[in-house]
Amino acid sequence: MCGIVGYVGDREAGEVLVKGLKRLEYRGYDSAGVAIMNGRMSIQKGKGKVVNLEKGIFANGLKGHIGIGHTRWATHGEPNDVNSHPHMSQSGNIAVVHNGIIENYTSLKKKLIERGRTFSSQTDTEIIAQLLEEIYTTSKDVTFEQAIQLTLKQIVGTYGLAIVNIEFPDKIFIARKGSPLLLGVGENEMFIASDASPIVEYTNKVVYLDDGEMAVVDKYSYEVKTIDDIALTKEVHELAISIDAIEKAGYPHFMLKEIFEQPRSIADCMRGRVNVKENTIQLGGIADVMEELVNAKRIVIAACGTSWHSGLVGEYLFEHLAKTPVEVEYASEFRYRDPLIGEGDVMLVISQSGETADTLAALREAKKRGAKVLGICNVVGSTISRETDAGVFTHAGPEIGVASTKAFTAQVVVLTMMALATGMKKGTISKKEAARYIKELSLIPDKVDQILKECDENIKKMASLFTYAPNFLYLGRSYNFPVALEGALKLKEISYIHAEGYPAAEMKHGPIALIDEMMPVVVIAATDHTNDKMISNIEEVRARKGRIISIMNSENSDVKDLSEFSISIPSTVDCFSPLLTVIPLQLLSYYIAVNRGCNVDQPRNLAKSVTVE
Ligand code: G6P
């Protein structure tokens, strides 16, 4: 959470910073601010979105060729003007932007106040500016870089930091521990950002900072070292993403664009991996660890949010196709439980961003305890993708809408390919079965396309009837239980309607009490082997006058007859059903949120990348 940008070069820094912050707004949008140096330190910041900041920069004529900027997701201190970044040292010479949390800020603040420092905000970040200035101005023979190192050694917590000091008018100082930061290397200009999206239109050369590293950057060069002052030579990576991928391409929202991209993103995810002719699945990223996956005593999947839901689908897939026992953990719970994991276990971490702090912590814990850790990530170069022993990228392209859509389907495709490849190697699925699955998997992009074309209008109409429903219940069984959870999450996230996902049979043990003629109940009734049981559950809802919206296979007239509204989708094998059933649910939540006038791409209080625990 929180996005950081920095620029030094010949361009107008304000323009580069604002453009970059707009691209990073998915990481937080409580407030935004910049510090620009031009003989003096100019600060513009305030509550609200980057567009407000942009107006302020323009109105106040902030000019200069070097600066840092920030878009905030509030942790310490309410989102108001004072708590907006950048934060300044007492003299006003040093400005700091920060992504992360300083855990020992209360004790540090107390000591700094005792020593005469005055604070103007409630943030943990201001500590950094104040402590840094104190160390720099009161210690003898300490360079500014050394003062940063000494400051960071006193800090407990996580940070991605960009710092400017008016004494060094051509330099930006950056450091990283736990929050992502990268450096874009241009021609006589340098960029700093939390991810590649602000940089991609200027340069495709990037250097990823690792934990415990810092850099001093000017327009011509950069110098990376550890915070213990050991000089490092870093690899320069080439970015593969294009500018088109991070624009809206005519869609009103990124979320809608990303929903409609799914036929392509699913196909991209399978490209070069699924071979129907030869009946094979090749996953280059995990080829070297395939033996370990095949022989795993069990697989522990750790993830958060939507990625956790795809992990639940993965559990069904691995147990069914590869006969490997699977446990799915909330990453945030895993590490605090003294987890029983070690050699012979495989941990699979799933993360769109590859930066989620809890998932990263689970990964590190499992590694420490001797498990082989594999990753499924979307963002190439992300921390999780670099720290796992091996992994498979989802290749869904940049996902910018805060509510995850195409990343979910791509994760499920990767899990499907992994489970199939493991099952084929283990011999838990025959060649003939494998051929049927592989053929069916290759048809999924076209079926998703068909759903988008045939159901969109219908769902839009249905959404207008349920726009003001205060509650929703989502029910699914087997492979579609995780989809029920995901459908409910999508609705909650972007429309702020209370929604619960439940295994259909569990409804009897509580949620059934909520059902009356006001309650829309979305039933995902598209898995053949649970069809009869699902019909019984639908009858139970009908008996209490609940309003049934069903997602069902086109030929399932029984379900259709029992539903007030039904969305019919093409059929597939049960285990691939989530890849199809989730699509109407994404659209339903999208249209309801739009009807309610909600900010679909940037829902309140949420952030796309949660880099705090
Ligand atoms: C946040 C996002 C969700 C996402 C979750 C996990 O809560 O708003 O959309 O599913 O983080 O993110 P990850 O990047 O690890 O998949």
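Within any chain, residue numbers begin from 1 and follow the written order of that chain's sequence. In keeping with the predicted nature of the model, local features appear solely for residues at pLDDT of at least 70, side-chain atom pairs appear and are counted solely at 80 or more, and the whole-chain, interface and lining totals rest on all residues. Each side-chain value is derived from all of the structure's non-hydrogen atoms; neither hydrogens nor water enter the calculation.

**Brief notes about the packing of aromatic side chains**
Pairing of aromatic rings covers Phe, Tyr and Trp, the last through its six-membered ring, and needs centres within 6.5 Å; plane angles under 30 degrees mean stacked, over 60 mean edge-to-face, and all others mean tilted. Taken as a whole and judged by the stated rule, the model has 14 aromatic pairs. Among the aromatic residues, ring-to-ring pairing joins Tyr 136, Phe 144, Phe 168 and Phe 173 into one connected group. Two conditions define a charge located above a ring, namely a distance within 6 Å from the ring centre to NZ of Lys or CZ of Arg, and an angle within 35 degrees of the ring normal. Lys 49 extends its terminal NZ or CZ atom over the ring of Tyr 29, reaching a point 5.0 Å from the ring centre. Geometry around Tyr 437 places Arg 436 over its ring, the cationic atom sitting 5.5 Å from the centre.

**Re the side chain of Thr 203**
Secondary structure is summarised from DSSP: a helix means a run of H or I of at least four residues, a strand means a run of E of at least two, and numbering begins at the N terminus for each. Its place among the elements puts Thr 203 in the loop between β10 (190–193) and β11 (205–208). Among the polar contacts listed, one links the side chain of Thr 203 to the backbone nitrogen of Lys 205, at a separation of 3.0 Å. N or O atoms within 3.5 Å of each other form a polar contact, as long as, within protein, one can give a hydrogen and the other can take it, and as long as residues adjacent in sequence are counted only when both atoms are side-chain atoms.

**A closer look at the nonpolar core**
Counting 96 residues, the largest nonpolar core has Ile 286, Met 417, Met 418, Phe 472 and Tyr 474 as its most contacted members. The leading source of residues in this core is helix α14 (residues 431–466), at 12 residues. Of the domains in this structure, domain 2 (283–429) and domain 3 (446–597) are the two that each give at least three residues to this core. The criterion used for residue contact is that any of the two residues' heavy atoms lie within 4.5 Å. Discounting residues that sit within four places of it in the chain, Ile 286 has contacts with Leu 293, Leu 374, Ala 390, Gly 391, Val 392 and Met 418. In this structure, Leu 17, Leu 24, Ile 57 and Phe 191 belong to the second largest nonpolar core, which totals 31 residues. Think of a nonpolar core as a cluster: buried Ala, Val, Leu, Ile, Met, Phe, Trp, Tyr and Cys residues, connected wherever their side-chain atoms sit within 4.5 Å. We call a residue buried when its accessible area falls under 20% of the maximum for its residue type, exposed when it is over 50%, and partly exposed in between, using a 1.4 Å probe and counting protein chains only. Domain delimitation follows an automatic or database domain assignment.

**Quick word on the packing of α14 against helix α18 (residues 577–595)**
Working convention: axes come from line fits to C-alpha atoms, limited for helices to the stretch in contact. Angles between N-to-C directions cover 0 to 180 degrees. One way to put it is that α14 packs onto α18 with a least axis distance of 8 Å and a crossing angle of 30°. Accordingly, the angle class assigned to the pair α14 and α18 is roughly parallel. Here α14 runs over α18; the crossing is right-handed. Oblique is the label for any angle not under 35 degrees, not over 145, and not in the 65 to 115 range, which are roughly parallel, roughly antiparallel and roughly perpendicular in turn. Definitions for this section: a left-handed crossing has its near helix turned counterclockwise from the far helix by less than a right angle. A right-handed crossing has that turn clockwise.

**Examining the pattern of salt bridges**
A carboxyl oxygen of Asp or Glu within 4 Å of a side-chain nitrogen of Lys or Arg is what we treat as a salt bridge. Scanning the entire structure with this criterion turns up 39 salt bridges. In this structure, Arg 386 and Asp 210 form a salt bridge, with 2.6 Å as the shortest nitrogen-oxygen distance. Here Arg 386 is found in helix α12 (residues 383–387), whereas its partner Asp 210 is found in the loop between β11 and β12 (213–217), with 176 residues between them in sequence. For Arg 386, a relative accessible area of 31% puts it in the partly exposed group. Between Arg 369 and Glu 365 there is a salt bridge; the shortest N-O distance is 2.7 Å. Residue class for Glu 365 comes out buried when judged on its relative accessible area of 11%. Taken together, the salt bridges that share partners define one network made up of Lys 257, Glu 261, Arg 264, Asp 268, Arg 271 and Lys 406.

**A closer look at the sheet that holds strand β26 (residues 547–553)**
Backbone hydrogen bonds hold the strands of a sheet together, and the pairing may be parallel or antiparallel. Only when DSSP finds a minimum of two bridges between them are two strands counted as paired. If you trace the five strands from one edge of the open sheet to the other, you get β24-β23-β25-β26-β27, paired in parallel fashion. Each edge of the sheet is formed by a strand with only one pairing partner; in this case those strands are β24 (498–503) and β27 (565–569). The average undirected angle you get between the axes of adjacent strands in this sheet is 15°. Sheet topology note: the strand β23 (residues 471–476)/strand β25 (residues 520–525) ladder contains four bridges and is parallel. Bridge pairing in β25 links Tyr 474 to Val 522. Together, β23, β25, β26 and β27 form the strand contacts of α14, whose direction differs from that of β27 by roughly 165°.

**Considering the domain arrangement of the protein chain**
Domain assignment breaks the protein chain into domain 1 (3–239), domain 2 (283–429) and domain 3 (446–597). Here domain 2 and domain 3 have C-alpha centroids that lie 27 Å from each other. At the junction of the two partners, domain 2 supplies 18 residues and domain 3 supplies 17 residues. Between domain 2 and domain 3, the buried area comes to about 1500 Å², and carbon and sulfur atoms account for 78% of it. A quick way to say it: buried area is the sum, across both parts, of accessible area lost when two parts are put together, with a 1.4 Å probe. It is His 309, Tyr 316 and Phe 408 in domain 2 that bury the most area against domain 3; as a group they hold 34% of the surface buried on that side.

**Description of the site of the ligand**
If even one non-hydrogen atom of a residue comes within 4 Å of a molecule or strand, that residue is called near it. Surrounding the ligand, one finds 14 residues, the nearest of these being Ser 307, Ser 351, Gln 352, Ser 353 and Thr 356. One of the backbone nitrogen or oxygen atoms of Gln 352 is found 2.7 Å away from an oxygen atom of the ligand. Side-chain polar atom of Ser 353 to an oxygen atom of the ligand: 2.6 Å apart, as the coordinates give it. What sets the accessible areas is the Shrake-Rupley method with a 1.4 Å probe; for residues, cover comes only from the shown protein chains. When the ligand is considered free in solution it has 390 Å² of accessible area, and contact with the protein chains removes 91% of it. Looking at the shell around the ligand, the element that brings in the most residues is helix α9 (residues 305–322), giving three residues. Each residue gets one of three labels, nonpolar for Ala, Val, Leu, Ile, Met, Phe, Trp, Tyr, Cys and Pro, charged for Asp, Glu, Lys and Arg, and polar for the others, Gly among them. Looking at the shell around the ligand, its residues break down into four nonpolar, eight polar and two charged.

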